[in-house]
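Summary of structural features
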Amino acid sequence: MSEKEGLSVIVKVVTRWIVGFVLLFGLYIVIFGHLTPGGGFPGGVIIAGTFVLLTLAFGKDTPLRKLNSTLASELDSTGAIIFLGIALLGLYFGSFFAENFLTKLPSSYFKLFSAGVIPWANLAIGLKVGASIFMVFIILSVTRVVGLPNGEKKMTRKPTGRRK
Amino acid sequence: MNVLPLMVALPLGMGFLIPMVSRKNRRTADVLGNLATLSLLIMSLYLFRIGNQIYFMGGWKPPLGINLVLDGLSAFFLLIVNLVAFIVTLYSVDYMEIYTSKLRYYSLFLLMLAGMNGVVLTGDIFNLFVFLEIAVISAYALVGFGTEAEELEASFKYLVLGTVSSVFILLGIGFLYSLTGTLNLADIGSKISGISGGHAFWFVVILFVFGFGLKAALVPFHAWLPDAHPSAPASISAVLSGLLIKALGIYPFLRIFYNIFGFPLLETRFIPQILMFLGGASMLTGALLALVQNDIKRMFAYSSISNIGYIVIAFSLGTPLGIMAALLHTFVHATSKALLFLSAGSLEYRLETRDIKKMGGLMEKMPITGISGDIGFLSLAGIPPLAGFWSKLFIILALLDAGRLGWAIFTILVSVLTLGYYLRMNRYVFFGPLKNNLQRIKESPVFMTASMLILSLITVFLGVILLPHLRSIVLDPAVRTLINGTKYISMVMGG
């Protein structure tokens, strides 16, 4: 992690402290989605927010080392396929597409493991939304419009990092 | 196991699976994409054996849950959408080699297909909006797929105007929800009867005419189409012109105005009159502007506007014959216009230009492209015995039957214009002297020619042999669905 990239050392230190808690909060929102306000989508946005925070503080190389764009795009597709898979399992085990086919005992109400397939669907959505919002942010931040000498404008990828 | 939810789930799942599994080998994407659309085509044919069916997603009954409704009209649109989509994916195997990322292409294409199938099947108005957005957002990305300046500009224009129309539709849905307190189409239909005379209801109707009219590219709202359709890859132009404007523009019109609102619109002549004028304006403007285009795909795009006008005029008559003519023309235009765009793509693939003045005499160099392009043009220009002749004949007969002599004459005059611009295209592209720089041109690769041949055969046999079968199996149930009007409501709520 080079010292030249990103914002000042104060921001970096504070970010390093905070980022774990923000990620944890995002995971909490996803996992407790069926019990408390929140769910897969807001939780996924918060998880993506941690990576955005890292990008702002340290420059974009640090988050991309932890989660490169190919992996993010695959996580994105995996989330969608898991969600669809849960819906198809409903068709297979139950009688309808997207049916909540797991047993829902009254004794489990308001516990973490309750509500049948809803927590699993929330996890899949969290994965999908987290990965895709991170991808959107990266793609918006790696391209820029440059003016060519002949007056035309061209969209291009920024050179990675400040190499000196 | 029921196949109805798979019509949406299969393309959606494949759309996400293809970019994951085929990064190493491009052929995997081709195979998976074609398998997906082929199985969708087979399923959509199989659905004709089932008949009417209501499917409760997750087991939740309407009006609480989202339901899928299969009736004559949905089955008809599903057949068109999946037939053309299969032929287009077959064509893309070779054609998309000139673009960079086939994985993303198939992914976006299948998402668009999932959106169209969803719009056609769903029985919930907000769900319809969501599927509509899935389809158009994929379409925005596909229009800009080449990422050249012209394509990105067209994509941006389409994005802005498409979003405006989506806002109109969403606002209309919001008003409808505040009026009825439900989002289920059938439930809205059963609750709207008490309030259908109010100002809010008419405001909703106008918002829907704006919104879906923009999606269907009716004339005052057509500005995005002549840019978006030529700029996309030819296979996507075929889907946009052949399917998207119908599945997202015409289908919701028919479903909402006939089956949901039904009674006030069929009794007052106000909305049919407006639609008729919009349709007439589209027919004339599209045909006149197509006459002066030198860009071959732009000409076809204007021709699409003109043909949407025919469809709208016929269905706004509200008579059984008019509806039958409109649906037949929808089918004919989907196959023939897709065929024309695929031929244009084949020309562009070899010649790397879309300017018809730079072509000439290509019939001897590219015979299959030439013949299929000619079959598409003869069909849409209304030459007997091809399918386009019958659909235009039925439209004119329906107009005469409803006592609209002036409109019938107008339609005949516009057909003459249609013949005019297609003859002009034919003269410059396929006939005339062969230019010197075109001596080394070869026919397109095998998948492209094969898919064009399949579509030409369908177009020819449709008019010559298949029309009675098509009418009894495919068209009549769809017409019955629309004629029965609000019986749709009791079918959904009762079943």
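Residues numbered from 1 in each chain as written. Chains lettered and ligands numbered in written order. Predicted model: local features only at pLDDT ≥ 70, side-chain atom pairs only at ≥ 80, totals over all residues. Heavy atoms only, no water.

Concerning the overall build of chain B
In plain terms, the rule: Starting at the N terminus, helices and strands are each numbered in turn, a helix being any DSSP run of H or I of at least four residues and a strand any DSSP run of E of at least two. The atom set for the radius of gyration is the C-alpha atoms, and the globule formula is 2.2 Å times the number of residues raised to the power 0.38. Whether two residues touch is decided by their heavy atoms; if any such pair falls within 4.5 Å, the residues are in contact. None of His or the chain ends enter the tally, which takes Lys and Arg as positive and Asp and Glu as negative. The location of each charge is read from NZ of Lys, CZ of Arg, CG of Asp or CD of Glu.
Check the secondary structure of chain B and you find 20 helices and 2 strands. In summary, chain B has a C-alpha radius of gyration of 21 Å against a globular reference of 23 Å for 495 residues, a match within 12%. C-alpha extents for chain B along the principal axes are approximately 70 × 60 × 40 Å. In chain B, of all internal contacts separated by at least 6 residues, the share reaching a separation of at least 24 is 81%. Computed over 32 positive and 22 negative side-chain charges, the separation of the two mean positions in chain B equals 2 Å.

A few points about the confidence of the model for chain A
Here is the rule: Confidence scores labelled pLDDT are given residue by residue by the predictor and lie between 0 and 100.
Here chain A averages 81 in pLDDT, and 85% of its residues register 70 or above. Every residue in residues 160-164 of chain A is under pLDDT 50, and counting partners more than four places away or in other chains gives 5 contacts.

Remarks on empty space enclosed by the protein
Residue and element names in this part refer to chain B. For clarity, the cut-off: The distinction between a cavity and a pocket rests on a 1 Å grid over the protein atoms alone: a 1.4 Å probe fits inside a cavity but cannot get out, while a pocket stays open yet meets protein on both sides within 12 Å along at least five of seven lines, and a residue with an atom within 4 Å of a point counts as lining. Grid points are joined across faces, edges and corners, and a volume is the space filled by probe spheres set on the points. Any residue that is not Ala, Val, Leu, Ile, Met, Phe, Trp, Tyr, Cys, Pro, Asp, Glu, Lys or Arg is counted as polar, Gly included; the first ten are nonpolar and the last four charged.
Scanning all chains against the criterion turns up 2 cavities of 30 Å³ or more. In this structure, the largest cavity is lined by V136, Y158, G162, S165, L214, K215, W224, L244, I245 and L248. Its residues placed into classes, the lining of the largest cavity shows 7 nonpolar, 2 polar and 1 charged. One number sums up the size of the second largest cavity: a volume of about 30 Å³. As for the second largest cavity, its lining consists of I296, F300, L340, S343, A344, L347, G373, M425 and F430.

Quick word on helix α1 (residues 6-21) of chain B
We apply this condition: Categorising residues by exposure relies on relative accessible area from a 1.4 Å probe, with only protein chains included: less than 20% of the type maximum marks a residue as buried, more than 50% marks it as exposed, and the intermediate range marks it as partly exposed.
All buried positions along α1 of chain B are accounted for by L6, M7, V8, A9, P11, G13, M14, G15, F16, I18 and P19 of chain B. Packing partners of the buried residues in α1 of chain B comprise α4 (69-93) and α5 (118-142) of chain A together with α2 (26-50), α3 (72-95), α4 (102-121) and α5 (125-143) of chain B.

Some details on the packing of α5 of chain B against helix α10 (residues 234-261) of chain B
All names here are of chain B. Defined as follows: Axis definition: a line fitted to C-alpha atoms, over the contacting stretch in the case of helices. Angles run 0 to 180 degrees between N-to-C directions. By definition in this entry, angles of less than 35 degrees are roughly parallel, angles greater than 145 are roughly antiparallel, angles of 65 to 115 are roughly perpendicular, and the rest are oblique. Handedness of a crossing is defined here by the sense of rotation of the near helix relative to the far one, left-handed for an anticlockwise turn of less than a right angle and right-handed for a clockwise turn.
The interhelical angle for the contact between α5 and α10, taken along N-to-C directions, is 160°, at an axis separation of 12 Å. Compared by their axis directions, α5 and α10 come out roughly antiparallel. Between α5 and α10 the crossing geometry is left-handed. Contacts between α5 and α10 pair I125, L132, A135, V136, A139, L142 and V143 from the former with I236, L240, L244, L248 and I256 from the latter. For the contact of α5 with α10, the per-class residue count stands at 12 nonpolar, no polar and no charged.

Let's talk about the side chain of S92 of chain B
Residue and element names in this part refer to chain B. Note the following rule: Any pair of nitrogen or oxygen atoms within 3.5 Å is treated as a polar contact; in protein, a donor-acceptor pairing is required on top of that, and neighbouring residues in sequence qualify only through side-chain atoms on both sides.
For S92, the location among the structural elements is in helix α3. At a separation of 2.6 Å, a polar atom in the side chain of S92 contacts the main-chain carbonyl oxygen of V88. Excluding its chain neighbours within four sequence positions, the residues that come into contact with S92 are K102, Y105, Y106 and S235.

Quick notes on the pattern of salt bridges
Should their charged atoms come close, side chains of opposite charge can pair. All names here are of chain B. Note the cut-off: For this document, the term salt bridge refers to a Lys or Arg side-chain nitrogen within 4 Å of an Asp or Glu carboxyl oxygen.
All chains considered together, the criterion is met by 14 salt bridges over all chains. The residue R354 makes a salt bridge to E150 at a minimum N-O spacing of 3.2 Å. Taken together, the residues span a long stretch of sequence, with R354 in the loop between α14 (320-351) and α15 (362-365) and E150 in helix α6 (residues 149-180) at a distance of 204 residues. On the basis of relative accessible area, R354 is assigned to the buried category, the value being 13%. Its relative accessible area of 44% is what places E150 among the partly exposed residues. The salt bridge partner of E348 is R354, with a shortest N-O separation of 3.8 Å. An identical accessibility class is assigned to E348 and R354; each is buried. Residues joined by salt bridges that share partners form a network here, namely E150, D295, K297, E348 and R354.

Notes on the interface of chain B and chain A
What counts, and what does not: Buried surface area refers to the total accessible area, computed with a probe of radius 1.4 Å, that the two partners give up upon joining, counted for both partners together.
On the chain A side, the residues contacting the 17 residues of chain B number 16 residues. Summing the contributions of chain B and of chain A, the shared interface buries around 1400 Å²; its carbon and sulfur component is 77%. On the chain B side of the contact with chain A, F16, M20 and R23 of chain B bury the most area, a combined 36% of that side's loss. Linking chain B with chain A are 0 salt bridges. For the pair chain B and chain A, the interface holds 3 residue pairs in polar contact (both at pLDDT 80 or more). Where the side of chain B that touches chain A is concerned, the elements lending two or more residues are α1 and β1 (53-56) of chain B. The biggest single contributor to the side of chain B that touches chain A is α1 of chain B, with 8 residues. In terms of residue class, the side of chain B that touches chain A is made up of 12 nonpolar, 4 polar and 1 charged.

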